[in-house]
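Here are the chains, one letter per residue:
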Amino acid sequence: MSGWSERGGLARAAIGRAARRTRGQIAGAKRALWPFGRLRSSRLLFAPHDLRTADPTTASDIYAGYFALAGRTVNCHGESPFLVTPPSEAWAEALHSFVWLRHLRAADTAIARANARALVDEFIARQHDRDEIARRPAVIARRLMSFLSHSPLLLEGADHAFYERFIRHVAQTAERLQLALAGAVEGAARLQCLIAICFAAICLDGQERRLRRYEIALSDELEQQILPDGGHLSRNPRLIIDLLLDLLPLRETFTARGLEAPRAIIMAIDRMMPHLKLFRHGDGALALFNGMGATPPT
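Residues numbered from 1 in each chain as written. Predicted model: local features only at pLDDT ≥ 70, side-chain atom pairs only at ≥ 80, totals over all residues. Heavy atoms only, no water.

Quick one: what's the story with the pattern of salt bridges, residue by residue and with numbers?
Using the criterion set out here, one finds 12 salt bridges in the structure. The shortest N-O distance in the salt bridge between Asp246 and Arg52 comes to 3.2 Å. With Asp246 in helix α11 (residues 237-256) and Arg52 in the loop between α1 (2-33) and α2 (58-63), this pair connects stretches of sequence that are 194 residues apart. Asp242 is the salt-bridge partner of Arg238, the closest N and O atoms lying 3.3 Å from each other. On the criterion of helical spacing, the pair formed by Arg238 and Asp242 is a turn pair, its members being 4 residues apart in helix α11. The exposure class of Arg238 is partly exposed, given its relative accessible area of 28%. Three or more residues joined by partner-sharing salt bridges are found here, namely Glu89, Glu93, Glu132 and Arg136. (Salt bridge = Lys/Arg side-chain N within 4 Å of Asp/Glu carboxyl O. Helix = DSSP H or I, 4+ residues; strand = E, 2+ residues; numbered from the N terminus. Buried < 20%, exposed > 50% of the residue type's maximum accessible area, 1.4 Å probe, protein only.)

Which residues make up helix α10 (residues 208-225), and what are the values?
The first and last C-alpha atoms of α10 sit 26 Å apart over 18 residues, in line with the 26 Å expected at 1.5 Å per residue. Every buried residue of α10 is accounted for by Arg210, Leu211, Tyr214, Leu218, Ser219, Glu221, Leu222 and Gln225. (Expected span 1.5 Å × (residues − 1).)

Any details on unusual backbone geometry? Residues and values, ideally.
Although it is not a glycine, His77 adopts a positive phi angle of roughly 50°. Among the secondary structure elements, His77 is positioned in the loop between β2 (72-75) and α3 (89-97). Overall, the relative accessible area of 63% leaves His77 in the exposed class. In the Ramachandran plot, Arg235 falls in the positive-phi region, its phi being about 65° despite a non-glycine side chain. With respect to the helices and strands, the residue Arg235 is situated in the loop between α10 and α11.

Lay out helix α9 (residues 187-203) in plain terms, naming residues and giving numbers.
Spanning 17 residues, α9 covers 25 Å between terminal C-alpha atoms, matching the ideal 24 Å at 1.5 Å per step. Counting buried positions along α9 yields 15 of 17 residues, so the element is predominantly enclosed.

Kindly report on empty space enclosed by the protein, identifying the contributing residues and their values.
All chains considered together, the criterion is met by 2 cavities of 30 Å³ or more. In this model, the largest cavity occupies a volume close to 120 Å³. Along the wall of the largest cavity there are 14 residues; nearest its centre are Asp50, Arg52, Arg142, Ser149 and Asp246. Contributing elements (two or more residues each) for the lining of the largest cavity: α6 (137-149) and α11. Residue composition of the lining of the largest cavity, by class: 6 nonpolar, 3 polar and 5 charged. (1 Å grid on protein atoms, 1.4 Å probe; cavity = no way out; pocket = protein on both sides within 12 Å on 5 of 7 lines; lining within 4 Å. Points joined across faces, edges and corners; volume = space filled by probe spheres on them. Nonpolar A, V, L, I, M, F, W, Y, C, P; charged D, E, K, R; others polar.)

Can you break down the environment of Ile202 residue by residue, with the values?
With respect to the element layout, Ile202 can be found in helix α9. When its relative accessible area of 0% is taken as the criterion, Ile202 is described as buried. For Ile202, the residues in contact, after removing those within four places along its chain, are Leu45, Leu211, Leu250, Thr253, Phe254, Arg257 and Leu259. (Contact = heavy atoms within 4.5 Å.)

Describe the pairing of β2, with residues and values.
Side-chain positions along a regular strand alternate between the two faces of the sheet. Direction of pairing for strand β1 (residues 66-69) relative to β2: antiparallel, over a ladder of 4 bridges. Its bridge partner lying in β2, Ala68 is registered against Thr73. Once β1 ends, the chain turns through 2 residues before running back antiparallel as β2, passing Ala70 with a positive phi of about 50°. (Pairing = 2+ DSSP bridges.)

This is the structure:
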């Protein structure tokens, strides 16, 4: 009986997503043709925490041109990492999502800050965000969250011109992600996109209207994708880790800005935490099934 109930839930979720996607495509087309409704930002008000493990020794490897991402290492030989031939799609996704900025921030040195700023500035100036992999919604979402979380690393000691370029690019990235959501973005990727937009709406000035809209959208998606037992629709435990690593800082960011976190976010976290403990082995690793790969203890 429970199997039929879960399949019915999946079917209803699919129907709901299809309806939202159709409405979103219409709204996205209107926004693309009517730019006057765009929300402008000129200041960054807050930087969220990144709870993912960082290794400061990796900063020296990046400075030397070695990028170890997604299980593959590339020596750039003095060239831009954005111009080298990626060894895998996963490596390219990790590169363009800027998840590695956390290692440079952990190093907390002037060289690491300058290196991070130079790489981000090159990415912005040469429009590497137009790369096919860089345009993927999940990659855009992760990059937006990385830029927001590690903005102290990038902006400390930066000149005003870089500050303005960076804020403008972050705001444009949020706009691009909003348009991407009007397309066929489903599953965990849709949750990541909604979380990223909510982060941007809280952390940038002048985004109150966007925040009101997307905290409702995120709440609806969490209620559909996070099951009553705290598991994800996909039943992949790894997704629970990734979502918690984003939702916990999001809840904290709402509080730090003096805002009340949506009840759906709090309830989703409360359901996921005990569910995650259920699948942890004694060494901290997770059970391997339903697409779950090996993961180090965290």
